[in-house]
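Residue strings, one per chain:
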Amino acid sequence: MAKNKNTGKQVPPAGEGQRRNDSLRFIGGALVLLFAFFTLIVLLLYIFRWGAYQSGVQASPLIGKLGYRWANFLMGEYFGLAALGIPLLLGLWGLHLLKVRIVHFYKIVLATLTGCILFSLFLGFIFGHLIPSLKGLIGKGLGGITGDMVSGWLIQAIGIAGTALLLLLLTVSWGIFVSPKFIARLQSLFQGKKKSGAVEADAPAPAPPPLDKEFELPDNGDKGDNGDKGFIIHRPDGGTEESPEPDGGETPDGGTPPPSPEEDSEDGGEGFVEGSELYDPTKELSHYKRPPLDLLEDHKGKGAMPTDEELERNKDRIVTVLQNFNIGIDKIIATIGPTVTLYEIVPKAGIRIAAIKRLEDDIALNLSALGIRIIAPIPGKGTVGIEVPNEHPNIVSMLSAVKSQKFQEAQYDLPVVLGRKIDNEIYTFDLAKMPHLLVAGATGQGKSVGLNAILTSLLYRKHPSELKLVLVDPKRVELSLYAKLERHFLAKLPDSDDAIITDTQKVVYTLKSLCMEMDERYQLLQSAKVRNVREYNERFVNRRLNPLQGHRYMPFIVIVIDEFADLIMTAGREVEEPIARLAQLARAVGIHLVIATQRPTTNIITGLIKANFPARIAFRVISGIDSRTILDTTGANQLIGRGDMLVSTGNEMIRVQCAFVDTPEVERICDFIGQQQGFGEAFRLPEYKGEESGNAEKIDLSKRDALFAEAARIIVQSQQGSTSLIQRKLELGYNRAGRLMDQLEAAGIVGPPEGSKPRQVLISDFVTLDAKLAAMEG
């Protein structure tokens, strides 16, 4: 046993108390399971020997007197046949003591208990009162004393019909509690019976519609040498391969896998033990449930796929324009997406790609469509793509994206699902590998919905111990819903009151605090001799790093800034420098940035920012210049808006229709998480103190400037803490006016600087000012 350094007393080794508790739990769980098995056996034998046991004849020596009395107490006296649920309850309790993780444990226990009582009432009502003649044949009744007495009391109170209706209502309520789809299954059952009665048995089942259709291109003689070539339509099958709904929000996570239930251990803060059980970062919130899918809405039916007539019409117009400019085509393939349809053209040999590219405006004029975009050529294919907007765009719901198998089974550290690509495939990516994301687009084109889709993806897949969010919202309204997640997912400065950061000075302090967190994490990585946060956390989970030496589990930190342009305008380089430093270095330590702006101009998205954000999302912008600022190429100015976006990951450009998640859906998700048990407080970032306040404390007020009192009166009179105001009023140079402002701050007359904004004046009248000046003179 080791000795305590402070008291000198011997203390037990770390983990010994936990191992003793685990042993007691194992013994207790095994005994409860054995008792559950014994109870099941005696109840089954009691059923087979019902008549003999009811008569008091103990005919079977297998259960003995104790087993007979126990079975007779449960089944013969109180609960009847409903007592068969008691072994199940005991078994669940035993498994719980053995640390076997059972999804919805408390719900199953409650459903079993209420089901037993309801079953006892039904048996007592039917065999004890509705058909009393059977009661003499089976002794005291199949419902036991509980069923007989309660059903008898109900019959006296509300009659036989009222009791029957009440029991039916309780049964339906119990079914809905057990399975939310209970009503839907009943409806489908009755509808199936009606349909089966109306359809003849020998009627053949209708064949499924074909996915592809082939049409012939028109042969217009001298206008083009196309011949009999095909027009192929690729339609989505309408069904997406989906994984089953996660029960209770338990979805598989990418990144560091959580330990198995048998490997649960106490918090690693007790000390480093070689070969000890694995550290479970989720143990503090072990009962946390991820949001269920029914919090999201299905927006099916709010759009329609293009008809064959619309596709034929667009194809004919494209062919006509190309033939007018003597461009021959071998084949056209139409791929229907949720928002646009891609017409892939296979040009005849000898046709120059640039000739098709120049016809962009002519094709748009002929189709009378907004946002025609030509991809010449499509990367990886020998075709030219023409993207034509659908007449009735189809909404991609966040529900269909989140429950897709591709997203649920993605083994990513930070999985994000954005929506559907032009071929209707779900588009997912790992934010940890991006590693930072720049989002830009004009006002009202879907930026905020895109940010909500990113945050919703992370909330559906990550545990609060694995992810922390730093949310910056200068507009104060876009991210305010997420304030309910403060004790679960949010991180903030120790002295900050608001979970969502809105003040510019607080943003600067938070970014510099994150730089301090980054440096501290790099020191821990260096001491652990690993290269990234994933390797570090694996070592920590395996108890190979000692918490007493400062090591700790590192959650991923995602910084989301909703309006970057406002920060650049008010704080300038104070914001740009820490962001650039985080973008350059923070990837390896699990800190990632998502920055959004509605002003994609070169003075906002500077070269320093662009160089460190290889992954970019562009919603619709006004001009090609803005598109080049974001993506280094045109194309974003030809999007159609409403969530239509281009995703650039450095080596490819993908057109995606953003999944739509409405404000009520986000509010329901935040309410569901916020109502659960959380940490004691938000995740604390390192404390950062501004350099200006430190300089103000060092100023010696005994050596005040001769114009100090006059400058103070000017500031109090105007209620504007501005250095330029002192310059103008007292006709001073900037250096002397700046020294006067520092002295006023040290004296408590004005507050600290707030970027480009005037300082706050802390004194509102001359009486208070004169008293302060007199105190300073004394």
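Residues numbered from 1 in each chain as written. Predicted model: local features only at pLDDT ≥ 70, side-chain atom pairs only at ≥ 80, totals over all residues. Heavy atoms only, no water.

**Structural notes on the overall build of the protein chain**
Now for step 1: Tallying secondary structure elements over the protein chain gives 26 helices and 19 strands in all.
Now for step 2: Counting the 778 residues in the protein chain, one finds 48% classified as buried.
Now for step 3: Restricting to contacts in the protein chain with at least 6 residues of sequence separation, those with at least 24 account for 68%. (Helix = DSSP H or I, 4+ residues; strand = E, 2+ residues; numbered from the N terminus. Buried < 20%, exposed > 50% of the residue type's maximum accessible area, 1.4 Å probe, protein only. Contact = heavy atoms within 4.5 Å.)

**Section: unusual backbone geometry**
Now for step 1: Of note, the bond from Met 434 into Pro 435 is cis; its omega dihedral lies within 30 degrees of zero at -5°.
Now for step 2: When you line up the elements, Pro 435 lands in the loop between strand 10 (426-430) and strand 11 (437-440).
Now for step 3: The backbone of Asn 424 sits at a positive phi, close to 70°, despite the residue not being glycine.
Now for step 4: In this fold, Asn 424 is placed in the loop between strand 9 (415-421) and strand 10.
Now for step 5: Look at Arg 476: it is not a glycine, yet its phi comes out positive at around 70°.
Now for step 6: You can call Arg 476 exposed: its relative accessible area is 54%.

**Things to note about the pairing of strand 16 (residues 615-618)**
Now for step 1: Of the two faces of strand 16, the one lined by Ala 615 and Ile 617 and the one lined by Arg 616 and Ala 618 are each fully buried.
Now for step 2: Two elements, strand 11 and strand 16, share four bridges in a ladder whose sense is parallel. Bridge pairing in strand 16 links Val 439 to Ile 617.
Now for step 3: Two strands pair when backbone bridges link them, and strand 16 and strand 17 (residues 644-648) are joined in this way by three bridges, in the antiparallel orientation. The residue of strand 17 that forms the bridge with Ala 618 is Leu 646. (Pairing = 2+ DSSP bridges.)

**Notes on the pairing of strand 10**
Now for step 1: A large share of strand 10 lies buried, amounting to five of its five residues.
Now for step 2: In strand 10, alternate side chains face the same way, and those of Ile 426, Thr 428 and Asp 430 on one face and Tyr 427 and Phe 429 on the other are all buried.
Now for step 3: As judged from the five bridges shared by strand 9 and strand 10, these two strands associate in the antiparallel manner. Within strand 10, the position partnered with Arg 420 by the bridge is Ile 426.
Now for step 4: Connecting strand 9 to the antiparallel partner strand 10 that follows it, the hairpin turn spans four residues, and Asn 424 within it adopts a positive phi of roughly 70°.

**Looking at the sheet that holds strand 11**
Now for step 1: Here nine strands make up an open sheet; going across it, the order is 10-9-18-17-16-11-15-14-12 and the pairing mixed. Of all the strands in the sheet, just strand 10 and strand 12 (467-472) have a single pairing partner and so form its edges. Between one strand axis and the next, the sheet turns by 30° as a mean value, whatever way the strands run.
Now for step 2: On the sheet, helix 18 (residues 573-585) packs against strand 14 (556-561) and strand 15 (591-597) and is oriented at approximately 130° with respect to strand 15. (Axes fitted to C-alpha atoms, helices over the stretch in contact; angles between N-to-C directions.)

**Comments concerning the packing of aromatic side chains**
Now for step 1: This model, assessed by the stated rule, comprises seven aromatic pairs.
Now for step 2: Ring geometry for Phe 35 against Trp 70: centres 5.6 Å apart, planes inclined by 35°, an arrangement best described as tilted. Placement of the pair is Phe 35 in helix 1 (residues 16-48) and Trp 70 in helix 3 (residues 64-79), with a sequence separation of 35 residues.
Now for step 3: Judged by its relative accessible area of 25%, Trp 70 falls in the partly exposed class.
Now for step 4: On the numbers, 6.1 Å between centres and 45° between planes, the contact of Tyr 427 with Phe 429 is tilted.
Now for step 5: Put simply, the rings of Phe 35, Phe 38 and Trp 70 touch in pairs and so form one group of aromatic residues.
Now for step 6: A cation over a ring is seen here: Arg 461 above Phe 407, with NZ or CZ 5.6 Å from the ring centre.
Now for step 7: Of note, Arg 704 hangs over the ring of Phe 708, and the distance from its end group to the ring centre comes to 5.6 Å. (Phe/Tyr/Trp six-rings, centres within 6.5 Å; stacked < 30°, edge-to-face > 60°. Lys NZ or Arg CZ within 6 Å of the ring centre and 35° of its normal.)

**Some words on the side chain of Asn 452**
Now for step 1: With respect to the helices and strands, Asn 452 occurs in helix 14 (residues 447-461).
Now for step 2: The buried category is assigned to Asn 452, whose relative accessible area is 13%.
Now for step 3: Apart from the residues lying within four places of it in its own chain, the contact partners of Asn 452 are Tyr 482, Val 661 and Val 666.

**Comments concerning a nonpolar patch on the surface**
Now for step 1: Together, Phe 26, Ile 27, Leu 31 and Leu 34 make up a nonpolar patch on the protein surface, roughly 450 Å² of accessible area in all.
Now for step 2: Of note, Phe 26 is situated in helix 1.
Now for step 3: The class for Phe 26 is exposed, based on a relative accessible area of 55%. (Patch = residues over 30% accessible without salt bridge, like charges linked within 9 Å, V, L, I, M, F, W, Y side chains within 5 Å. Areas by Shrake-Rupley, 256 points an atom, 1.4 Å probe, with all protein chains shown as cover. Salt bridge = Lys/Arg side-chain N within 4 Å of Asp/Glu carboxyl O.)

**Comments concerning the nonpolar core**
Now for step 1: Counting 117 residues, the largest nonpolar core has Leu 418, Tyr 482 and Ile 579 as the members making the most contacts within it.
Now for step 2: If one sorts the elements of this core by residue count, helix 15 (residues 504-528) sits on top with ten residues.
Now for step 3: Setting aside anything within four residues of it in sequence, one finds Leu 418 in contact with Tyr 427, Phe 429, Ile 454, Ile 617, Met 645, Val 647, Val 656, Gln 657, Cys 658 and Ala 659. (Core = buried A, V, L, I, M, F, W, Y, C linked by side-chain atoms within 4.5 Å.)

**Thoughts on the pattern of salt bridges**
Now for step 1: The full count for this structure, using the stated rule, is 29 salt bridges.
Now for step 2: Here Glu 517 ties to Arg 521 by a salt bridge, and the two come within 2.9 Å at their closest N and O atoms. With Glu 517 and Arg 521 both in helix 15, this residue pair falls four residues apart, about one helical turn. Arg 521 matches Glu 517 in its accessibility class, with the two residues each being buried.
Now for step 3: Two residues, Arg 759 and Glu 745, come together in a salt bridge whose shortest N-O distance is 2.7 Å.

**Regarding the packing of helix 15 against helix 16 (residues 533-541)**
Now for step 1: It is at 10 Å that the axes of helix 15 and helix 16 come closest, and there the two elements cross at 60°. Relative to helix 16, the element helix 15 lies oblique. Remark: the crossing between helix 15 and helix 16 carries left-handed chirality. Within the contact between the two elements, helix 15 uses Arg 521, Leu 524, Leu 525 and Ala 528 and helix 16 uses Val 533, Tyr 536 and Arg 539.
Now for step 2: Residue composition of the contact of helix 15 with helix 16, grouped by class: five nonpolar, no polar and two charged. (Parallel < 35°, antiparallel > 145°, perpendicular 65-115°, else oblique. Left-handed = near helix turned anticlockwise from the far one by under 90°. Nonpolar A, V, L, I, M, F, W, Y, C, P; charged D, E, K, R; others polar.)

**Things to note about the environment of Asn 612**
Now for step 1: By secondary structure assignment, the location of Asn 612 is in the loop between helix 19 (607-611) and strand 16.
Now for step 2: In this structure, the C-alpha to C-alpha distance between Asn 612 and His 436, residues 176 residues apart in sequence, is 7.8 Å.
Now for step 3: Within the structure, Asn 612 has its side chain in polar contact with the backbone oxygen of Leu 608 (distance 2.8 Å). (Polar contact = N/O pair within 3.5 Å; in protein donor to acceptor, adjacent residues only side chain to side chain.)

**Quick notes on the confidence of the model for the protein chain**
Now for step 1: A residue-level look at the protein chain finds 79% of positions with pLDDT of 70 or above and a mean pLDDT of 79.
Now for step 2: Within the protein chain, the element-level pLDDT minimum falls on strand 3 (residues 212-216), averaging 41, and the maximum on strand 14, averaging 96.
Now for step 3: Counted against residues more than four places away or in other chains, residues 193-229, with its pLDDT under 50, gives 43 contacts. (pLDDT = per-residue confidence, 0-100.)

**Quick word on the environment of Lys 406**
Now for step 1: Structurally, the position occupied by Lys 406 is in helix 13 (residues 405-408).
Now for step 2: With 21 residues separating them in the primary sequence, Lys 406 and Tyr 427 have C-alpha atoms 8.5 Å apart.
Now for step 3: Other than its neighbours up to four places away in sequence, Lys 406 contacts Glu 425, Ile 426 and Thr 428.

**Section: the packing of helix 17 (residues 564-571) against helix 18**
Now for step 1: Viewed as axis vectors pointing N to C, helix 17 and helix 18 meet at an angle of 125°, and their least axial separation amounts to 7 Å. Here helix 17 lies oblique to helix 18, going by the angle between them. For the pair helix 17 and helix 18, contact is made by Phe 564, Leu 567, Ile 568 and Ala 571 and by Arg 573, Glu 574, Val 575, Glu 576 and Ile 579, respectively.
Now for step 2: Looking at side-chain class alone, the contact of helix 17 with helix 18 contains six nonpolar, no polar and three charged residues.

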